[in-house]
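Residue strings, one per chain:
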Amino acid sequence: MIKEICQLRSDFPALGQLVSGQPLVYLDHAATSLKPLAVIETIDHFYRHETANVHRGAHYLSDKATQKYEDARTLVKNFINAENNSEIVFTKGTTESINLVAQAYGDEYLNPGDEIILTEMEHHSNIVPWQILAKRKKLTVKWVPVTESGELDLNEFKNILNEKTKIVSVVHCSNVLGTVNNIKAIISAAHNVGAKVLVDAAQSVTFMPIDVQDLNCDFLVFSAHKLYGPFGTGVLFGKSELLNAMPPYQSGGSMITSVSKDESLFLGAPQKFEAGTPNVSGAIALGAAIKYVEKIGLANICAHETELLQYTISELNKINGVRIIGNSSSRVNIVSFVTDGIHGADIGQILDQQGVAIRTGHHCAQPLMNKLKLTGTMRVSLGVYNSREDVDIFIRSLNKAVEMLS
Ligand code: PMP
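What counts and what doesn't
- Residues numbered from 1 in each chain as written.
- Predicted model: local features only at pLDDT ≥ 70, side-chain atom pairs only at ≥ 80, totals over all residues.
- Heavy atoms only, no water.
- Phe/Tyr/Trp six-rings, centres within 6.5 Å; stacked < 30°, edge-to-face > 60°.
- Helix = DSSP H or I, 4+ residues; strand = E, 2+ residues; numbered from the N terminus.
- Buried < 20%, exposed > 50% of the residue type's maximum accessible area, 1.4 Å probe, protein only.
- Lys NZ or Arg CZ within 6 Å of the ring centre and 35° of its normal.
- Pairing = 2+ DSSP bridges.
- Right-handed = clockwise from strand over helix to strand, strands pointing away.
- Salt bridge = Lys/Arg side-chain N within 4 Å of Asp/Glu carboxyl O.
- Axes fitted to C-alpha atoms, helices over the stretch in contact; angles between N-to-C directions.
- Near = heavy atom within 4 Å.
- Polar contact = N/O pair within 3.5 Å; in protein donor to acceptor, adjacent residues only side chain to side chain.
- Areas by Shrake-Rupley, 256 points an atom, 1.4 Å probe, with all protein chains shown as cover.
- Expected span 1.5 Å × (residues − 1).
- Domains from an automatic or database assignment.
- Contact = heavy atoms within 4.5 Å.
- Buried area = accessible area lost by both parts, 1.4 Å probe.

## Quick word on the packing of aromatic side chains
Right, so step 1: For the structure shown, the criterion picks out 11 aromatic pairs.
Right, so step 2: A centroid spacing of 4.9 Å and a plane angle of 35 degrees characterise the contact between Y105 and Y109, whose relative ring orientation is tilted. With a gap of 4 residues between them, Y105 and Y109 both fall in helix α4 (residues 94–109), about one helical turn apart.
Right, so step 3: Residue class for Y109 comes out partly exposed when judged on its relative accessible area of 33%.
Right, so step 4: On the basis of an interplanar angle of 80 degrees and a centroid distance of 6.0 Å, the ring pair of Y228 and Y385 is categorised as edge-to-face. Remark: Y385 occurs in the loop between β17 (377–381) and α14 (388–405) and Y228 occurs in the loop between β9 (219–223) and β10 (234–238); sequence separation between them is 157 residues. Grouping residues by exposure puts Y228 and Y385 together as buried.
Right, so step 5: The structure contains a cluster of three or more aromatic residues connected by ring pairs, namely F12, Y26, Y228, Y292 and Y385.
Right, so step 6: When the ring centre of F231 is taken as reference, the NZ or CZ atom of K35 above it lies at 4.8 Å.
Right, so step 7: Over the face of the ring belonging to Y311 we find R388, whose NZ or CZ atom lies 3.9 Å from the ring centre.

## Focus on the pairing of strand β5 (residues 115–119)
Right, so step 1: Within β5, 5 of the 5 residues are buried, leaving the element largely enclosed by the surrounding structure.
Right, so step 2: Here β5 shows two buried faces, one formed by E115, I117 and T119 and the other by I116 and L118.
Right, so step 3: Both β5 and strand β6 (residues 140–144) contribute to a ladder of 5 bridges, which runs parallel. Bridge pairing in β6 places L118 opposite W143.
Right, so step 4: Following the chain from β5 across helix α5 (residues 128–137) to the adjacent parallel β6, one finds a crossover that is right-handed.
Right, so step 5: Strand direction decides the pairing type here: β5 and strand β7 (residues 165–171), joined by 3 bridges, are parallel.

## Quick notes on the pattern of salt bridges
Right, so step 1: Applying the stated criterion to the full structure yields 16 salt bridges.
Right, so step 2: The closest approach of N and O atoms between K64 and E50, which form a salt bridge, is 3.6 Å. Here E50 lies in helix α2 (residues 37–50) and K64 lies in helix α3 (residues 60–79), a separation of 14 residues in the sequence.
Right, so step 3: For E50, a relative accessible area of 3% corresponds to the buried category.
Right, so step 4: Two residues, K184 and D214, come together in a salt bridge whose shortest N-O distance is 3.0 Å. Here D214 lies in helix α8 (residues 212–215) and K184 lies in helix α7 (residues 183–192), a separation of 30 residues in the sequence.
Right, so step 5: A relative accessible area of 39% means that K184 is categorised as partly exposed.
Right, so step 6: Residues participating in the shared-partner salt-bridge network are D28, R359 and R379.

## What about the sheet that holds β17?
Right, so step 1: Taken together, the 4 strands give an open sheet; going across it, the order is β13-β14-β17-β16, and neighbouring strands pair in antiparallel fashion. Each end of this open sheet is capped by a strand with a single partner; those strands are β13 (322–325) and β16 (359–361). The average angle at which neighbouring strand axes cross in this sheet is 30 degrees, direction not considered.
Right, so step 2: When β13 meets strand β14 (residues 334–339), the two strands line up antiparallel, connected through 4 bridges. Bridging across to β14, I325 finds its partner in S336.

## Structural notes on the site of the ligand
Right, so step 1: Lining the immediate surroundings of the ligand are T94, T95, H123, S125, V171, N175, D200, A202, Q203, S223, H225 and K226.
Right, so step 2: H123 has a polar side-chain atom sitting 3.3 Å from a nitrogen atom of the ligand.
Right, so step 3: Between the ligand and the protein, one listed contact pairs an oxygen atom with a side-chain N or O atom of H225 at 2.7 Å.
Right, so step 4: Calculation on the ligand without its partners gives an accessible area of 400 Å², and the protein chains cover 85% of this total.

## Quick word on α4
Right, so step 1: For α4, with 16 residues, the first-to-last C-alpha span of 21 Å sits near the 22 Å given by 1.5 Å per residue.
Right, so step 2: Residues T94, E96, S97, I98, N99, L100, V101, A102, A104, Y105 and G106 constitute the buried set of α4.

## A closer look at the domain arrangement of the protein chain
Right, so step 1: Looking at the protein chain, the domain boundaries give domain 1 (2–31 + 297–405) and domain 2 (40–294).
Right, so step 2: Once you take the C-alpha centre of each, domain 1 and domain 2 turn out to be 28 Å apart.
Right, so step 3: Across the boundary between the two partners, domain 1 contributes 39 residues, which contact 33 residues of domain 2.
Right, so step 4: Taken together, the two surfaces of domain 1 and domain 2 that pack against each other cover about 2700 Å², and 58% of this comes from carbon and sulfur.
Right, so step 5: The interface formed by domain 1 and domain 2 contains 1 salt bridge.
Right, so step 6: Across the salt bridge formed by K371 and E120, the nearest N and O atoms sit 2.9 Å from each other.
Right, so step 7: The interface formed by domain 1 and domain 2 contains 21 residue pairs in polar contact (both at pLDDT 80 or more).
Right, so step 8: Per-element tally for the side of domain 1 that touches domain 2: the top contributor is helix α13 (residues 366–372), with 6 residues.

This is the structure we're talking about:
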């Protein structure tokens, strides 16, 4: 393990507590990351000393809050290498970002008979908004299958892609299998038929550099809370020409140039999509999270989590009756597994009694579960704060649970 990363654990106050009388072993990073002091203190400082609304006050604190909110936008823009700040919309999270695109872009530009391509490894948040849109506008949803090894079948993707395809919405890293998809190949093939591509980067953004210009994606979405940041804040990146051509998603204050009894005129992106008072402290704390991650370095985070995942997988493989789901070589920090004849929820409960937090269930990916003929899996997901010792405690506890329940 990288030495500096060992020392990082003290940045996360949550790791100092006991759960069920045992030191917490937090292996549920993919659901939400623990928060470093840098983020917690930023929120605390904002509410103590800087509380004010943005974009409208004629006073010192409002100017300061506005400046910090817009600085956070610049941090996000640089983090994903967008071309300009107007391409960064603050939302509630990945889910809202996808809903925004499905509603604003989908309603305006998709017509009956058009096709949307999703994949069998999508999170529900990248399925349901498209299904609702498809129903409303008489569109067809097509699916890229997942192979035995837990990867996307890109040959089949190319077969279903055609000139009727208007949107390809695809996850960068599966929250169940951990597979990191070859997103660049998908984007380039989709663009060849004139389709737009939305990338769900909810997981990938936490461990790999994202360059939206290099990827050439049309939209990219993520949540702050998985990136060591706060709840209730997320990002929609959209290419300027697309955002500017889209109608508003929600409407009200802060998104208009003028309102009369007859009509309202709207600001350009991103304000057009940020109706009402935004989550000011959330955006600023996301900025703090980005600074935190950049200080460690995404390459270091990726190397650490990859090494730890390999160790976890090799230790899981030693336990009789444990079956790992998916074996893509392109993965960083997530592994799902099942145990023959034992329900995952029962194991999860026993692990919890030993202070070990993992995730069990369908992980909001029921189409994938159906494909795999599973009702759920157990999932271990690793963050920058996890150590080999965490994995050792987890494996010991899992062995114990399997023994008790067999
Ligand atoms: N996509 C993926 C791949 C995810 O892992 C998640 C969260 N588990 C989401 C979308 C939804 O994110 P949120 O709930 O923060 O909107």
